[in-house]
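So you can see what is in the structure, the chains are spelled out below.
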Amino acid sequence: DTAVSQTPKYLVTQMGNDKSIKCEQNLGHDTMYWYKQDSKKFLKIMFSYNNKELIINETVPNRFSPKSPDKAHLNLHINSLELGDSAVYFCASSQDPASGDNEQFFGPGTRLTVL
Amino acid sequence: TQLLEQSPQFLSIQEGENLTVYCNSSSVFSSLQWYRQEPGEGPVLLVTVVTGGEVKKLKRLTFQFGDARKDSSLHITAAQPGDTGLYLCAGDDGKTSYDKVIFGPGTSLSVIP
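On a predicted model such as this, the values are computed, not experimentally measured, just so you know.

Novice: Would you explain the overall build of chain B in this entry?
Specialist: Within chain B, the secondary structure is distributed over zero helices and 11 strands. Over its C-alpha trace chain B gives a radius of gyration of 14 Å, about what one expects of a compact globule, namely 13 Å for 113 residues. Projecting the C-alpha coordinates of chain B onto the three principal axes gives extents of approximately 45 × 30 × 20 Å. Burial statistics for chain B: of 113 residues in total, 45% are counted as buried. For chain B, the share of sequence-separated contacts (at least 6 apart) that also reach a separation of at least 24 residues comes to 54%.

Novice: Mind showing me how you'd approach the interface of chain A and chain B here?
Specialist: One widely used convention gives an interface's size as the accessible area the parts lose upon coming together. Contacts between chain A and chain B engage 21 residues on the former and 19 residues on the latter. Of the roughly 1700 Å² buried where chain A meets chain B, counting both sides, 57% is carbon and sulfur surface. Summed over the shared surface of chain A and chain B, the result is zero salt bridges. Linking chain A with chain B are three residue pairs in polar contact (both at pLDDT 80 or more). Counting residues per element, the ones that place at least two in the side of chain A that touches chain B are strand S4 (31–37), strand S5 (43–50) and strand S6 (53–57) of chain A.

Novice: Just checking my understanding: could you explain the state of the cysteines for this structure?
Specialist: Here, disulfide denotes a covalent bond that connects the sulfur atoms of two cysteines. Residues and elements named next belong to chain A. One pass over the full model with this rule turns up two disulfides over all chains. There is a disulfide in this structure between Cys23 and Cys91, and the S-S distance comes to 1.8 Å. Measuring handedness by torsion sign, the sulfur bridge of Cys23 and Cys91 sits at about -75° and is left-handed. Placement of the pair is Cys23 in strand S3 (residues 19–25) and Cys91 in strand S9 (residues 87–94), with a sequence separation of 68 residues. By relative accessible area, which is 2% here, Cys23 ends up buried.

Novice: Mind showing me how you'd approach the pairing of strand S6 (residues 55–58) of chain B here?
Specialist: Working note: regular strand, side chains alternate between the two faces of the sheet. Residue and element names in this part refer to chain B. For S6 and strand S7 (residues 61–65), the ladder comprises four bridges, and the chain directions are antiparallel. What sits directly across from Val55, in S7, is Gln64. Counting the residues that bridge the hairpin from S6 to S7 gives two residues, and of these Lys59 lies at a positive phi of roughly 55°.

Rules behind the numbers
Residues numbered from 1 in each chain as written. Chains lettered and ligands numbered in written order. Predicted model: local features only at pLDDT ≥ 70, side-chain atom pairs only at ≥ 80, totals over all residues. Heavy atoms only, no water. Helix = DSSP H or I, 4+ residues; strand = E, 2+ residues; numbered from the N terminus. Rg over C-alpha atoms; globule rule 2.2 N^0.38 Å. Buried < 20%, exposed > 50% of the residue type's maximum accessible area, 1.4 Å probe, protein only. Contact = heavy atoms within 4.5 Å. Buried area = accessible area lost by both parts, 1.4 Å probe. Salt bridge = Lys/Arg side-chain N within 4 Å of Asp/Glu carboxyl O. Polar contact = N/O pair within 3.5 Å; in protein donor to acceptor, adjacent residues only side chain to side chain. Disulfide = S-S within 2.5 Å. Pairing = 2+ DSSP bridges.

Okay, here's the thing in structure tokens:
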């Protein structure tokens, strides 16, 4: 009965490959996010979706393409992986930011290592 | 661009000691959140403060929101090894419908038994 789940937990791949990370939330939230946490632990928002619609895109390279098939899922596909993409990627969801309820519920993270 | 700063960046203390970590910004936030992140896991919300000057207590943790809503502090009394983790403050500027939550760089706390 995990609230926000991500797969895989670890991902090791070669430069230039394409990979995907999946995220699902069973909290009934309307808004989902992808965050990147670098080696210095700085957590930065990448994307936000509300009811399958893109709300926030924080100048992320277009090699990163989020896809939301329904409001419970937000997957992240990354093309042509680069060394600098190595980080921990967190999926999160929140109930209703528009009404001020923006507590972020985070998944366990996916540690991506690009060799 | 709104930025949040946190200090100290690293803190290592003995069990039983008290500590305070700070979160500062030059911008006003409609609300501010504190999260704790343990190794290998995602951040978990501890508290949200909304009103300037507000003080909230969570067992041994005391959170305060500055009167001008630009800063916040987290005070831990009699720290325990279980308090070890990365403490992140996050602000919501409240200016847009779908408010973006901005995270500070975090304070990494280590409590030594």
